[in-house]
There are 2 protein chains.
Amino acid sequence: MAVNLPDIGTLLPVNGIELGVAAANIRYEDRLDLAVMTFTTGSVAGGVFTQNSYRAAPVIVAEANCGSVRGLVVNSGNANAATGDVGLRDAERMCSLLGEHIGCSAQEVLPFSTGVIGEYLPMDRMADGIEIAFKASRPEGWNSTATAIMTTDTAPKGVSVEFDVDGHKIAATGIVKGSGMIRPDMATMLAFLGTDATISSDVAKQLAIDLAEHSFNRLTIDGDTSTNDAFVVVATGKATLPVVTDVNSRAYSKLREGLQPLVQELAIRTVRDGEGASKFVTVLVEGGRTERECLNVAYTVAHSPLVKTAIFAGDPNWGRFCMAIGRAGIADLDPYRVGLHLDEVCVATDGKIDPGYVEARAAEVMALNEFSVRIHLGRGTASAKVWTSDLSYEYVKINAEYRT
Amino acid sequence: MAVNLPDIGTLLPVNGIELGVAAANIRYEDRLDLAVMTFTTGSVAGGVFTQNSYRAAPVIVAEANCGSVRGLVVNSGNANAATGDVGLRDAERMCSLLGEHIGCSAQEVLPFSTGVIGEYLPMDRMADGIEIAFKASRPEGWNSTATAIMTTDTAPKGVSVEFDVDGHKIAATGIVKGSGMIRPDMATMLAFLGTDATISSDVAKQLAIDLAEHSFNRLTIDGDTSTNDAFVVVATGKATLPVVTDVNSRAYSKLREGLQPLVQELAIRTVRDGEGASKFVTVLVEGGRTERECLNVAYTVAHSPLVKTAIFAGDPNWGRFCMAIGRAGIADLDPYRVGLHLDEVCVATDGKIDPGYVEARAAEVMALNEFSVRIHLGRGTASAKVWTSDLSYEYVKINAEYRT
């Protein structure tokens, strides 16, 4: 029940990266649930990780191992979170198992897990799966890897781009899995971006932060944040561009600009495939004093169960929007300066229903499966945008039956 | 679909208060939707009101008119919120209309409205309804008033108590309507408490604050706060107790203690009748450094859509709880000191599934329609408790179809 989710198409290989998958029977039988990625010598990785206090064991290990990297191993079906010392040892063991196949140290491998929290990984089956996936690795493995990392996602999600920096061609492919337990400050659960760009590991870290800011940090499904969220950028250095070591350089800006559309598209697709999503909604808040207060309003609106059910129903219930705007914590907000548009239909002006408002026109917009909610706070020039979905019967169903 | 909601029974009259209702056709035909209360000379009122920036017009007027009061008028079906100057004039007109019947100034009347936001009140029908309700006023009108203020509530909610302060009998009756758009910092939408207690208007104000703190400010249905929330205490002074003018006096403490169970029961019944509620859940957080951090954890757990859907499904999904605890904003929380009980079943110890845990036993608890979630943070001695409900198909249905 995804909303206008494009087909993944054929993802393009990235020079220096090979990928393989396996059905390791981690939670379900006969389902791809394990993937490995191997990186050529000299590759670097940087990432951003969940802010949840319950950071899963693999998140802790992956963050520590960012820098010079040779491999990455990810499983679905089990998050290896809230698993204590056993979980940490298991995450490290994932690294050493793949490292043995690659011929590198465990510290050059990043582990990731996604799925049910609070259960231990079946390490025997993990070991078998890692071996199978490693042996199957090939440059064309992106599509099957995008499938292997899925949990409640309805379809695999990934994007490839090619662009030019100072006459040097850069290739990048990214994949992502959602699709609930998603909110700002690490929105998506797992996203991997591989590129042949030539960058230092410090730059890789900053690049991950910069790319996430206006993509994964701008979406929300249900306001819940996962224990396992991670977005990692791996750069193999196979491009001909001279190595970028300065985040203030023009080359860095170009690189970032070239990658931003890919990452933003991954983020948008995550919302399109949000759990139970029947609508894809862009919430744009303008006229604020600061971007932060605009974001607070946008998130409050996007998280509100009453707004989300009104969106699900296609009901242009202005009252729900003003309730949410009013509880977004702007102490000196003048509600009688606030305006609301649904796409191009003006619903409210100066905090009240617009004199020319015709409900039928707003209802037409909300009957679409994709539209924008545009809020004007009438107190400044800052703005912010987030993407979200509705709260449907299907969301309840998916999450009530998740473990059954 | 309320959860173990007791029948309202017969509410007891309070000396000095008369109540009358009318079907004023405000939103629906042939449905009680307007009530008036009249208070004997010398009555005082104090209240607590929504923190939402979009305070409805009646909230603004009611707060200003607290103090010496002679009447109260409330309608359901239309919240008179986000209605600007017209709404303010309409709220004031509600007061003057009732004031004319009583023979008092408009400033001695409190107006309240609940229902759909963003529409103007039908003042002609309001005027007729106020007249009819005033003429029908009688001391026994509490039960029909509890019915007239309902919106999506499944049943009227009210409680009467009698107790003794220093040998003087005090009577009190309270009524409340929910049942969505409810969260702390003015939880319930509208609650009225009438008592014959003898108190000054300053004391009435503090009494409302004190009574709300551990009742209405400790419950949450969906995390949304209304534009119209109000809890008002009216005291007629008809009891024989000498007038209480000092909130530090022993008589004040006794009065507060006598009224607290009534208010707490009103709050609990609001959750039992929460929109779509199929479970009544007490979330108790212990072992925190401060009550505030315990409350933050309790609310984050109680608001989490993923926890709420797991509760709806009766699924003892420990991962959902630790996810929510982990995102409650305690920066230095050690997740591996956290424990979780479902009623008496120990689910997790030291942040991990308890070695003796048997999932079937936890599932038995969660199959009940009423149970407690007890979280131990392992870092102090503070605690806090909130009441909440689950997130069901019915919640989505009610809120998707609210205006149809």
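Reading guide: rules and limits
Residues numbered from 1 in each chain as written. Chains lettered and ligands numbered in written order. Predicted model: local features only at pLDDT ≥ 70, side-chain atom pairs only at ≥ 80, totals over all residues. Heavy atoms only, no water. Helix = DSSP H or I, 4+ residues; strand = E, 2+ residues; numbered from the N terminus. Buried < 20%, exposed > 50% of the residue type's maximum accessible area, 1.4 Å probe, protein only. Contact = heavy atoms within 4.5 Å. Areas by Shrake-Rupley, 256 points an atom, 1.4 Å probe, with all protein chains shown as cover. Lys, Arg positive; Asp, Glu negative; His and termini not counted. Charge placed at Lys NZ, Arg CZ, Asp CG, Glu CD. Buried area = accessible area lost by both parts, 1.4 Å probe. Salt bridge = Lys/Arg side-chain N within 4 Å of Asp/Glu carboxyl O. Polar contact = N/O pair within 3.5 Å; in protein donor to acceptor, adjacent residues only side chain to side chain. Nonpolar A, V, L, I, M, F, W, Y, C, P; charged D, E, K, R; others polar. pLDDT = per-residue confidence, 0-100.

### Describing the overall build of chain A
And then number 1: Helix and strand counts for chain A stand at 11 helices and 17 strands.
And then number 2: Principal axes of the C-alpha set define a box for chain A whose edges measure 70 × 50 × 35 Å.
And then number 3: Taking all 404 residues of chain A together, the buried fraction comes to 63%.
And then number 4: Put simply, 80% of the contacts in chain A that link residues at least 6 apart link residues at least 24 apart.
And then number 5: When the accessible surface of chain A is split by element, carbon and sulfur atoms take 48% of a total near 13,400 Å².
And then number 6: Once the 35 positive and 49 negative side-chain charges of chain A are each reduced to a mean point, those two points are 2 Å apart.

### Details of the interface of chain B and chain A
And then number 1: Counting residues at the interface gives 57 residues for chain B, matched by 57 residues for chain A.
And then number 2: Interface area, chain B with chain A, both sides summed: about 4,500 Å², of which 55% is carbon and sulfur.
And then number 3: Put simply, chain B and chain A have 0 salt bridges between them.
And then number 4: Linking chain B with chain A are 10 residue pairs in polar contact (both at pLDDT 80 or more).
And then number 5: Among the elements of the structure, helix H8 (305-313), helix H9 (318-326), strand E15 (352-353) and helix H11 (393-400) of chain B are those that each provide at least two residues to the side of chain B that touches chain A.
And then number 6: Looking at the side of chain B that touches chain A, the element that brings in the most residues is H9(B), giving 7 residues.
And then number 7: For the side of chain B that touches chain A, the class distribution of residues is 27 nonpolar, 18 polar and 12 charged.

### Some remarks on the confidence of the model for chain A
Residue and element names in this part refer to chain A.
And then number 1: Of the residues in chain A, 95% reach a pLDDT of 70 or more, and the chain-wide mean stands at 90.
And then number 2: Within the model, pLDDT remains below 50 along residues 182-188, and this stretch shows 45 contacts once partners closer than five positions in the same chain are excluded.
And then number 3: Interface confidence in the predicted complex, given as ipTM, is 0.74; pTM for the same model is 0.80.

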